[in-house]
Amino acid sequence: MPLLEMLGPVTARTALPVVTGTMAARRFGVLPVPSLEWNEQVAQETAHLYERVKAVIPSVEWPFFAPYVKAINALKRERNAVILAHNYQTPEIFHCVADFVGDSLQLAREASKVDADVIVQCGVHFMAETSKILSPDKTVLIPDSRAGCSLAAAITGEDIRLLKRKFPGVPVVAYVNTTAEVKAEVDICCTSSNAIQVVESLGTDQVIMVPDQYLAKWVASQTKVKIIAWKGACEVHERFTGAELRRYRESDPSIQIIAHPECPPDVIDEADYTGSTAGMIDWVRKNQPRRVVMVTECSMADNVQAELPNVEFVRPCNLCPHMKRITLPKILDSLVYMKEEVVIDPAIAERARRPIERMVNLKR
Ligand code: 13P
Ligand code: SF4
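Report follows, based on the coordinates. Sequence order as written defines residue numbering, which begins from 1 separately in each chain. Labels follow written order: the first chain is A, the first ligand is 1, and so on. Restriction of local features to residues with pLDDT of at least 70 applies here, the model being predicted, together with a cutoff of 80 or more for giving and counting side-chain atom pairs; totals for whole chains, interfaces and linings are based on all residues. For the side-chain quantities, the full set of heavy atoms in the structure was used; hydrogens and water were omitted.

## Focus on the overall build of the protein
In step 1: Scanning the protein from N- to C-terminus turns up 16 helices and 15 strands.
In step 2: Only C-alpha atoms enter the radius of gyration, while the globule expectation follows 2.2 Å times N to the 0.38, with N the number of residues. For the protein, whose C-alpha radius of gyration is 21 Å, the value lies close to the compact-globule estimate of 21 Å for 364 residues.
In step 3: Across its three principal axes, the protein shows a C-alpha extent of roughly 65 × 55 × 35 Å.
In step 4: For the protein, restricting intrachain contacts to residue pairs at least 6 apart in sequence, the fraction spanning at least 24 positions comes to 66%.
In step 5: Counting only carbon and sulfur atoms, one obtains 51% of the accessible surface of the protein, whose full area is about 15200 Å². By definition, any uninterrupted DSSP run of H or I lasting at least four residues is a helix, any uninterrupted run of E lasting at least two residues is a strand, and each is numbered from the N terminus. Should any heavy atoms of two residues lie within 4.5 Å, those residues are counted as being in contact. Shrake-Rupley sampling with a 1.4 Å probe provides the accessible areas, and residues are treated as covered by the protein chains on show and by no other component.

Below, the structure is given as structure tokens:
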């Protein structure tokens with residue numbers, strides 16, 4: 001029987017770190033705002049991109065997106081910038097302007113080897129911080145610095161110091177959904193795609209795992225290592241219930257259910273597969289189910305639907321309000337005005353780099 005001990009308050013109490021828009025603008029200069037007119041030429045130049053999203057974006061909406069898509073792709077070249085986009089971004093971002101897409105681990109790996117002057121992070125703030133930590137010489141922009149995360153807000157660096165005093169010698173694993181200040185205090189980071197491997201890589205019989213209680217419970221159910229967990233939760237995934245999934249199954253016994261490990265245990269118990277956002281996408285690509293419920297943030301089903309029109313996605317539509325702060329107009333502003341730049345105290349960034357690199361360098 002796996003062991004699990006639960007600690008922590010928690011309500012959101014970590015303020016997002018300071019982000020500025022002016023320093024990068026001074027270094028790079030501001031560019032003229034491009035034309036956002038919809039005309040025949042824009043239609044022709046963006047037609048190949050519309051092909052990618054036509055299953056999920058009605059043709060009447062494309063004239064609103066296309067001028068932004070064209071302008072952003074031109075500005076990326078002018079700024080020598082790349083866009084890293086998380087799997088929860090909306091289809092017009094994910095399929096039409098992103099250079100790299102993926103889960104938190106894939107984006108972190110990409111950030112560490114990106115060959116560009118500027119990274120525009122289309123995701124939430126902790127992801128942009130991770131990119132900055134791994135690419136300190138690059139300018140990292142986030143189109144809306146208010147894009148936070150209920151998990152990252154659930155624990156502070158001081159909480160980690162207290163935990164280490166309470167459990168001396170017990171290694172601390174931090175989910176990447178944490179601030180740089182928290183990462184600076186821990187032994188190693190993990191993501192939902194490598195959490196079990198990370199916990200077992202430490203070679204101890206117990207570990208502290210913060211801040212997601214549900215990811216910790218899921219890991220505890222898969223390993224013999226005792227997990228001391230923190231009581232944070234993802235505000236999107238904690239809303240799903242096992243009862244709603246049982247109703248889907250009752251109405252269609254052949255339906256497939258796949259869930260993210262940030263979901264509560266009664267949800268995971270109902271799932272045919274549990275894994276990171278990239279793991280879930282790969283599972284659908286490989287199995288091509290007739291009907292599937294993706295128990296995670298809603299936009300991801302749109303992104304996979306665009307690629308696999310023959311799979312029917314049943315969507316309990318929980319949106320992440322932080323991910324949805326990132327829009328095409330804000331990405332355009334980022335590239336025109338070089339805002340908002342992610343700035344991390346170099347001393348904290350240096351200490352936060354070790355646990356992230358330790359994770360990234362683990363053999364797959
Ligand atoms: P993934 O690493 O699985 O993409 O998860 C990140 C996240 O924030 C899920 O809510
Ligand atoms: Fe954070 Fe949840 Fe949003 Fe992911 S879905 S970024 S864990 S609040």
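## Quick notes on the site of ligand 1
In step 1: Only heavy atoms are used to decide nearness, and a residue is near a molecule or strand if one of them lies within 4 Å of it. In the vicinity of ligand 1, the residues found are His 86, Tyr 88, Asp 103, Ser 104, Tyr 175, Asn 177, Ser 192, His 237, His 260, Glu 262, Ser 276 and Thr 277.
In step 2: Counted as a polar contact is a pair of N or O atoms within 3.5 Å, where, for protein atoms, one must be capable of donating a hydrogen and the other of accepting one, and residues adjacent in sequence contribute only when both atoms are in side chains. Within the contact set of ligand 1, an oxygen atom lies 3.2 Å away from a side-chain nitrogen or oxygen of Asn 177.
In step 3: Contact distances for ligand 1 include 2.6 Å between an oxygen atom and a side-chain N or O atom of Thr 277.
In step 4: Across the complex, the protein chains shield 96% of the 300 Å² of accessible surface that ligand 1 would expose by itself.
In step 5: When residues are grouped by polarity, Ala, Val, Leu, Ile, Met, Phe, Trp, Tyr, Cys and Pro land in nonpolar, Asp, Glu, Lys and Arg in charged, and all others, Gly among them, in polar. Among the residues making up the shell around ligand 1, the classes are represented as 2 nonpolar, 8 polar and 2 charged.

## Structural notes on the site of ligand 2
In step 1: Surveying the vicinity of ligand 2 reveals the residues Tyr 88, Val 124, Cys 149, Ser 150, Leu 151, Asn 177, Cys 234, Val 236, Glu 262, Cys 320 and His 322.
In step 2: In terms of residue class, the shell around ligand 2 is made up of 7 nonpolar, 3 polar and 1 charged.

## Focus on helix H16 (residues 346-360)
In step 1: In this scheme, a helix's expected span is set at 1.5 Å multiplied by one less than its residue total. Compared with an ideal rise of 1.5 Å per residue, which puts 15 residues at 21 Å, H16 spans 20 Å between its outermost C-alpha atoms and is within 8% of the ideal.
In step 2: Here the bend at a residue means the angle between the axes of two seven-residue stretches, the one that ends at it and the one that starts at it. Helix geometry: H16 is bent most strongly at Arg 353, by close to 25°, with proline Pro 355 lying one to four residues after it.
In step 3: Residues of H16 that are buried sit in contact with helix H5 (104-113), helix H6 (125-134), helix H8 (180-183) and strand S8 (188-190).
In step 4: A distance of 2.9 Å separates the backbone nitrogen of Ala 347 from a side-chain oxygen at the start of H16, and that oxygen is part of Asp 345.

## Digging into the pattern of salt bridges
In step 1: We count a salt bridge whenever a side-chain nitrogen from Lys or Arg sits within 4 Å of a carboxyl oxygen from Asp or Glu. Enumeration over the complete set of coordinates arrives at 21 salt bridges.
In step 2: Of the charged contacts in the structure, one is a salt bridge between Lys 330 and Asp 144, with a shortest N-O distance of 2.7 Å. Of this pair, Lys 330 sits in helix H15 (residues 328-337) while Asp 144 sits in the loop between strand S6 (139-141) and helix H7 (157-166); the two residues are 186 residues apart in sequence, bridging distant segments of the chain.
In step 3: Relative accessibility thresholds used throughout: buried, under 20% of the residue-type maximum; exposed, over 50%; partly exposed, between the two (1.4 Å probe, protein chains only). Owing to a relative accessible area of 24%, Lys 330 belongs among the partly exposed residues under this scheme.
In step 4: Of the charged contacts in the structure, one is a salt bridge between Arg 285 and Asp 282, with a shortest N-O distance of 3.4 Å. Of this pair, Arg 285 and Asp 282 both sit in helix H13 (residues 277-287), 3 residues apart, which is roughly one turn of that helix.
In step 5: The class for Arg 285 is partly exposed, based on a relative accessible area of 38%.
In step 6: Judged by relative accessible area, which is 43%, Asp 282 ranks as partly exposed.

## Let's talk about the environment of Ile 344
In step 1: Tracing the sequence through the fold places Ile 344 in the loop between strand S15 (341-342) and H16.
In step 2: In this structure, the C-alpha to C-alpha distance between Ile 344 and Tyr 273, residues 71 residues apart in sequence, is 37 Å.
In step 3: Contact partners of Ile 344, with chain neighbours within four places excluded, come to Glu 129, Lys 132, Ile 133, Ala 180 and Ala 349.

## Details of the packing of H13 against helix H14 (residues 299-307)
In step 1: Whenever a helix is involved, its axis is fitted only over the stretch in contact; in every case the axis is a line through C-alpha atoms, and angles between N-to-C directions fall within 0 to 180 degrees. One can describe the packing of H13 onto H14 by two numbers: an axis separation of 11 Å at closest approach and a directional angle of 30°. The chirality of how H13 crosses H14 is right-handed. Mapping the contact onto sequence places Thr 277, Met 280, Ile 281, Val 284 and Arg 285 in H13 and Met 300, Val 304 and Glu 307 in H14.
In step 2: Of the residues contributing to the contact of H13 with H14, the split by class is 5 nonpolar, 1 polar and 2 charged. Here is the rule for handedness: rotate from the far helix to the near one, and if that takes an anticlockwise turn smaller than a right angle the crossing is left-handed, while a clockwise turn gives right-handed.

## Looking at the sheet that holds strand S12 (residues 273-274)
In step 1: At least two bridges found by DSSP between two strands is the condition for calling them paired. Sheet architecture is open: 4 strands sit in the order S12-S11-S13-S14, paired in parallel fashion. Strands at the two margins of the open sheet, each flanked by one partner only, are S12 and strand S14 (312-314).
In step 2: Judged from the 4 bridges that link them, strand S11 (residues 256-259) and strand S13 (residues 291-295) form a sheet pairing that is parallel. Paired with Ile 258 across the bridge in S13 is Met 294.
In step 3: Against the sheet, helix H11 (residues 242-251) contacts S11, S13 and S14, and its axis sits at roughly 175° relative to S13.

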